[in-house]
Amino acid sequence: MDKFLIRGGQPLRGRIEISGAKNSALPCLAAALLTPETVILHNVPYVKDLITQRRLLEDLGATVLTPELRTHKITANHVEVFEAPYELVKTMRASVLALGPLLARFGQAKVSLPGGCAIGTRPIDLHLKAFEQLGATVSLESGDVIARAPASGRLIGNEFEFEKVTVTGTENVMMAASLAKGKTVIRNAAMEPEIEDLAALLNKMGARIKGAGTPVIEIDGVEQLGGAEHTIIPDRIETGTFAVAAAITGGELEIKNCNPAHLTAVIEKLREAGVIVDELNQSTLHVRGTGDLLARDVTTEPHPKFPTDMQAQYMVLMTQAQGTCTVTETIFENRFMHVGELIRMGADIHISGNHAVVTGPRQLTGAKVIASDLRASASLVLAGLCANGETLIDRVYHIDRGYEAIVRKLRSVGAMIDRIKENLPETVSAES
Ligand code: EPU
C-alpha cells in the first residue's frame, strides 16, 4: 500500500487544473449500457473508481476504448451478463448504477447488495422501491438483489416521491425511466450538478428528461436510445479541496477548468470564514488565504447546500480558525473517521452525535496517520500541508479512488508531498 509523505508549512502558490467529476463520470459510464450504439465521454478523470467502473462495463460485455487517457468510447452492443458482482460492488458502491440501465434495456438485473462501508451502512432500499414503482419485481437471493421488468419486458412510467434525497438513486431511476413506457415524474429528486450532467448526456442519447437540477424531474420514456458524445463537468469537490488547500497554507491558487456555480455554498462558507475567493470567470477561481480565519458553523445537506463530501476538508480549515464552531453531518451517520487522526495531529475536536465541535487555531504537528475513506484522506493531506514537520499518510488507495494525480498537482504549486511506493521503500516517486 502506497503512502504519502508531506512536509508541511509551504504556502501553495500558482495554477492548478481541475479534472472531470468522478461522481458524474460514474453514472455517465453506466448510461452507455442503455444503448447498443457508441457513447463517447470526454474529461473522464483518471482515478481508480473510473477504472473499476470501466471494468464492470467490460465484464458485462461492453467494449471500452480509450483513444486518449480521459476519453472513453463505450459500445454496449453485446451485453451478455446482467450482473454487478460482489467483488466490484464491495470495492465501489457506485457499481449499483448498472442496475437501472440493465433493468430498463434487458428487463433484468442482478446486483450484490452493498454492505457497510467506511462512511455508514448506505443501503439501496430507495433505489429498489423506485424500481418497484416502475413495475419491476425485486427480490433478494443469497445477498444479491434481482430485479425484473414486467412481462412485456419494459418498465412502466409512474409518479412517485423519494422519502429521502438520494443522488445515485435519482440517477439510477432517471436512466431506467428513460426507456420505460410512458411518463415518469420523480419528486424530491436530488439536485446535484452531476444529476444535470447525466440528464444532459441522456438527452443527447435521445431521452426526454426535463427538470434535472430541480426537485421534480419529468421523463417521457422512449423506445430506444442512441449514441452520443459528451464532456463531463469539472469536479466540484476537487475544486473545493484545492480552495481549502490555498486557504489553509496561507497561499494563493488560481483554480482553472472548474465551475464556481457548482460550489456556491462552499464558496460562501469559505468567504464567511475569511478566505478571499474571487471568480475570475466562469471556469476560474482565485483563492487566497489571509491567515486570519474565523470559526464558522457548517451543516452538510443535499445540494445546493453544503456538501458532505467537503465536510472533512472544511473541518481541517476550522482547526486553523479563531474561535469555536460546530460541524454537523446530516447525510452519513459515520463520517467523522478523520477526527481521531486530526486529534492525533493536535486538533481540538469533540464529537457529540453528528456534531463535531472544533476549537482553533491549533498548530498541527506532523504524525503517522491512516486514511479511512476518500474525503477523510483528502482532509489528512490538507492537515499535513499546514502541520509542522512530517506527516505520513497510510492507505492512500482511498484518495486514489477520486483525486486525479493529487501528488503531481500539489507539487506543481509548491507542496512538499511525495508518494512512497510500498514495494520500493527507498524510492520516492512522483505520481504519473
Ligand atoms: N440512502 C438510503 N437508502 C438508499 C439510498 C440512500 O437510506 O437507497 C441514504 C444514505 O445512506 C445516506 C443518504 O440517503 O444517508 C444520501 O445518500 P445518497 O444516496 O445521496 O448517496 P450516494 O448516492 O450513495 C453520492 C456520492 C457520494 C456523496 C453522496 C451524497 C456518487 C457515486 N457518490 O452517494 O460521494 O457523498 O452522494 O452527496 O455519486 C464521495 O465522492 O466521496 C462520495 C461518497
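What counts, and where the lines are drawn
Numbering of residues starts from 1 in every chain and runs along the sequence as written. This being a predicted model, a pLDDT of at least 70 is required before a residue's local features are given, and a value of 80 or more before pairs of side-chain atoms are given or counted; all residues contribute to the totals for chains, interfaces and linings. Side-chain metrics rest on all non-hydrogen atoms present in the structure, leaving aside hydrogens and water. Strands pair, by our definition, only if DSSP identifies at least two bridges between them. Numbering goes from the N terminus for both helices and strands, where a helix is a DSSP run of H or I of at least four residues and a strand is a run of E of at least two. The criterion is simple. A nonpolar core is a set of buried Ala, Val, Leu, Ile, Met, Phe, Trp, Tyr and Cys residues joined through side-chain atoms within 4.5 Å. Three exposure classes are used, based on accessible area relative to the maximum for each residue type with a 1.4 Å probe and protein chains only: buried under 20%, partly exposed in between, and exposed over 50%. Residue contacts are counted whenever heavy atoms from the two residues lie within 4.5 Å of one another. Helix axes use the C-alpha atoms of the stretch in contact, all axes being lines fitted to C-alpha atoms, and the angles between their N-to-C directions lie in the range 0 to 180 degrees. Here the angle decides the label: under 35 degrees means roughly parallel, over 145 means roughly antiparallel, 65 to 115 means roughly perpendicular, and every other value means oblique. Helix crossings are classified by the rotation of the near helix relative to the far one: an anticlockwise turn of less than a right angle makes the crossing left-handed, while a clockwise turn makes it right-handed. Gly is placed with the polar residues, together with every amino acid not listed as nonpolar (Ala, Val, Leu, Ile, Met, Phe, Trp, Tyr, Cys and Pro) or charged (Asp, Glu, Lys and Arg). Here, a salt bridge means any side-chain nitrogen of Lys or Arg that lies within 4 Å of a carboxyl oxygen of Asp or Glu. Like charges are joined within 9 Å and nonpolar side chains (Val, Leu, Ile, Met, Phe, Trp, Tyr) within 5 Å, but only among residues with over 30% relative accessible area and no salt bridge; these make up the patches. Accessibility throughout is a Shrake-Rupley quantity obtained with a 1.4 Å probe, and a residue counts as covered only by protein chains that appear here. On a scale of 0 to 100, pLDDT captures the predictor's confidence in every residue. Classification of ring pairs rests on two measures: the distance between centres of Phe, Tyr or Trp rings, Trp counted by its six-membered ring, which must be within 6.5 Å, and the angle between planes, read as stacked under 30 degrees, edge-to-face over 60 and tilted in between. To be near a molecule or strand, a residue needs just one of its heavy atoms within 4 Å of it. Polar contact criterion, stated in full: a pair of N or O atoms within 3.5 Å, where within protein one must be able to donate a hydrogen and the other to accept it, and residues adjacent in sequence count only if both atoms are side-chain atoms.

Topic: the sheet that holds strand β6 (residues 83–84)
Read across the open sheet, the 4 strands follow the order β6-β7-β9-β8; overall the sheet is mixed. Each having just a single partner strand, β6 and β8 (137–141) make up the two edges of the open sheet. Note that strand β7 (residues 108–112) and strand β9 (residues 144–148) share 5 bridges and pair antiparallel. The residue bridging V111 from the neighbouring strand is V145, located in β9.

Here we look at the nonpolar core
The nonpolar side chains of soluble globular proteins are, as a tendency, buried together. Ranked by size, the top nonpolar core spans 77 residues in total, and within it L34, L41, L155, M174 and L202 carry the most contacts. Of the residues forming this core, the biggest block, 6 residues, is contributed by helix α1 (residues 22–31). Excluding its chain neighbours within four sequence positions, the residues that come into contact with L155 are L103, A104, L134, A136, A149, P150, A176, A180 and K181. One finds I18, F306, V358 and Y403 within the second-largest nonpolar core, a separate group that totals 69 residues.

Re the packing of helix α5 (residues 125–133) against helix α6 (residues 167–178)
Where α5 contacts α6, the two axes come as close as 9 Å, and the packing angle between them is 25°. Of the possible angle classes, the one that applies to α5 and α6 is roughly parallel. In this structure, the crossing between α5 and α6 has a hand that is right-handed. Along the contact surface, α5 presents H127, A130 and F131, while α6 presents T168, G169, N172, V173 and A176. Classifying every residue of the contact of α5 with α6 by side-chain character gives 4 nonpolar, 4 polar and no charged.

Brief notes about the pattern of salt bridges
For the coordinates displayed, the defined rule picks out 25 salt bridges. Across the pair R236 and E194 runs a salt bridge, and its minimum N-O distance is 2.8 Å. With a gap of 42 residues between them, R236 in helix α8 (residues 236–248) and E194 in helix α7 (residues 193–204) connect regions that are remote in the sequence. Its relative accessible area of 10% is what places R236 among the buried residues. The closest approach of N and O atoms between E301 and K305, which form a salt bridge, is 3.6 Å. Accessibility expressed as a relative area gives 46% for K305, which makes it partly exposed. The structure contains a network of salt bridges with shared partners spanning D2, D400, R419 and K421.

Regarding a nonpolar patch on the surface
The grouping of Y46, I51 and L69 at the surface amounts to a nonpolar patch, some 280 Å² of accessible area in total. Relative accessible area serves as the criterion here: at 42%, Y46 is assigned to the partly exposed category.

Considering the confidence of the model for the protein chain
Parts of the model with low pLDDT should not have their predicted coordinates read in detail. This prediction gives the protein chain a mean pLDDT of 94; 96% of its residues lie at or above 70. Confidence drops under a pLDDT of 50 for residues 425–432, and excluding neighbours within four residues, the segment shows 17 contacts in the predicted structure.

Examining the packing of aromatic side chains
Remark: the centre distance and the inter-plane angle together describe each pair of aromatic rings, the angle taken between the planes. According to the stated counting rule, one finds 3 aromatic pairs in the structure shown. Their ring planes at 35° and their centres at 5.0 Å tell us that F82 and F106 sit as a pair that is tilted. Residue F82 is found in the loop between β5 (71–75) and β6, and its partner F106 is found in helix α4 (residues 99–106); the two are separated by 24 residues along the sequence. Judged by relative accessible area, which is 24%, F106 ranks as partly exposed. Taken together, a centroid distance of 5.5 Å and an interplanar angle of 65° make the contact between F306 and Y314 edge-to-face. For Y314, a relative accessible area of 1% puts it in the buried group.

What about unusual backbone geometry?
A cis geometry characterises the amide bond from H303 onward to P304, with omega recorded as 10°. Here G360 and P361 are connected by a cis peptide whose omega angle stands at -5°. The topology assignment puts P361 in the loop between β21 (355–360) and β22 (368–370). Residues other than glycine seldom take positive phi values, yet A405 does so here, at roughly 45°. Among the residues examined, A405 registers a relative accessible area of 8% and is labelled buried.

What to know about the sheet that holds β21
Taking strand neighbours across the sheet as the criterion, the 4 strands line up as β18-β19-β21-β20 in an open arrangement whose pairing is mixed. The open sheet is flanked by β18 (298–299) and β20 (348–352), the only strands paired with a single partner. As judged from the 6 bridges shared by strand β19 (residues 323–328) and β21, these two strands associate in the antiparallel manner. Bridging across to β21, G323 finds its partner in G360.

Quick word on α4
Where burial is concerned, most of α4 is hidden: 6 out of the 8 residues are buried. Within α4 the residues assigned to the buried category are L99, G100, P101, L102, L103 and A104. G107 occupies a position one or two residues after α4 and carries a positive phi of about 75°.

Let's talk about the environment of T168
Tracing the backbone shows T168 in helix α6. Linking T168 and Y403, residues 235 residues apart in sequence, is a C-alpha distance of 20 Å. Those residues in contact with T168 that lie beyond four places of it in its chain are R93, L97 and H127.

Some thoughts on the site of the ligand
Contacts to the ligand come from 24 residues, most closely from D125, T166, T168, D309 and I331. Taking R93, its side chain carries an N or O atom lying 2.7 Å from an oxygen atom of the ligand. One nitrogen or oxygen atom from the side chain of R375 is found 2.8 Å from an oxygen atom belonging to the ligand. The fraction of the free accessible surface of the ligand (830 Å²) that becomes covered by protein chains is 90%. Among the elements of the structure, α1, α5, α6 and α12 (374–386) are those that each provide at least two residues to the shell around the ligand. Residues belonging to the shell around the ligand are distributed by class as follows: 11 nonpolar, 5 polar and 8 charged.

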